[in-house]
Amino acid sequence: MSYLLKTLTNKDDVDCIIRDTIDKLLVLRFGRSSDSVCLQLDDILAKSEQDVSKFATIALVDVDSEEIQVYVNYFDITLIPSTVFFFNAHHMKMDSGSADHTKWVGAFHRKQDFIDVVEEIFRGAMKGKLIVNCPLPPERIPKFQLLYKDV
């Protein structure tokens, strides 16, 4: 399904889309087109694109590209897929009950979960908030364990 969505493979493309997406939420999925979980998320993103097109833009970022490593390191993309949100070039964060508020790690369980998250972040952004609460119940939020090495 990744062929249905815009795929970014270099830093200039990512910089440009972050800078040029105005008054819309930008959803960037960091991952690989060969990963099964990424393909599941891509399917949900592609099916949702029409529904959220009035207030969100969706793009895929290939983490294997050398030029993208700047963003992979900056956002600490260690688990894929990871989804990062921007509004008017501001990084939007979401409190989903995990230790990491900067990104959504994993795939959404269903299309409506993704739409609910995007709507909540967009509403918060329109009110000037940089962090919002996750609208999903805890059982539909992917769980992962953060390991801090040499801290």
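Residues numbered from 1 in each chain as written. Predicted model: local features only at pLDDT ≥ 70, side-chain atom pairs only at ≥ 80, totals over all residues. Heavy atoms only, no water.

Looking at an unreviewed UniProt entry, one finds the chain named Thioredoxin-like protein 4B and attributed to Tagetes erecta. You can read under Function (unreviewed entry) in the UniProt record for the chain the words "Essential role in pre-mRNA splicing. Required in cell cycle progression for S/G(2) transition." Per UniProt, the chain carries the Sequence similarities (unreviewed entry) text "Belongs to the DIM1 family." (UniProt positions renumbered as here; feature names shortened; annotations may be inferred.)

J.: What is the right way to read the pairing of strand S4 (residues 82-87) from this model?
T.: Every regular strand shows the same layout, with side chains that alternate between the two sheet faces. Most of S4 is tucked away, with 6 of its 6 residues classed as buried. Judged from the 6 bridges that link them, strand S2 (residues 25-31) and S4 form a sheet pairing that is antiparallel. Of the residues in S4, the one forming a bridge with Val27 is Phe85. Where S4 lies against strand S6 (residues 104-105), 2 bridges are found, and the strand directions are antiparallel. Across the sheet, Ser82 pairs through a bridge with Val105, a residue of S6. One ladder, built from 3 bridges, connects S4 with strand S5 (residues 90-95); its direction is antiparallel. Note that in S5 the partner of Phe85 across the bridge is Met92. (Buried < 20%, exposed > 50% of the residue type's maximum accessible area, 1.4 Å probe, protein only. Helix = DSSP H or I, 4+ residues; strand = E, 2+ residues; numbered from the N terminus. Pairing = 2+ DSSP bridges.)

J.: Would you explain the packing of aromatic side chains in this entry?
T.: In this description, an aromatic ring pair is defined by two values, namely the gap between the centres and the angle between the planes. All chains considered together, the criterion is met by 8 aromatic pairs. Both rings, one in Tyr71 and one in Phe75, keep their centres 6.2 Å apart while their planes meet at 10°; by these two values the pair is stacked. Each member of the pair, Tyr71 together with Phe75, is buried. Their ring planes at 75° and their centres at 5.9 Å tell us that Phe87 and Phe122 sit as a pair that is edge-to-face. Of this pair, Phe87 sits in strand S4 while Phe122 sits in helix H4 (residues 111-126), and the two are 35 residues apart along the sequence. On the accessibility criterion, Phe87 (7% relative accessible area) is buried. (Phe/Tyr/Trp six-rings, centres within 6.5 Å; stacked < 30°, edge-to-face > 60°.)

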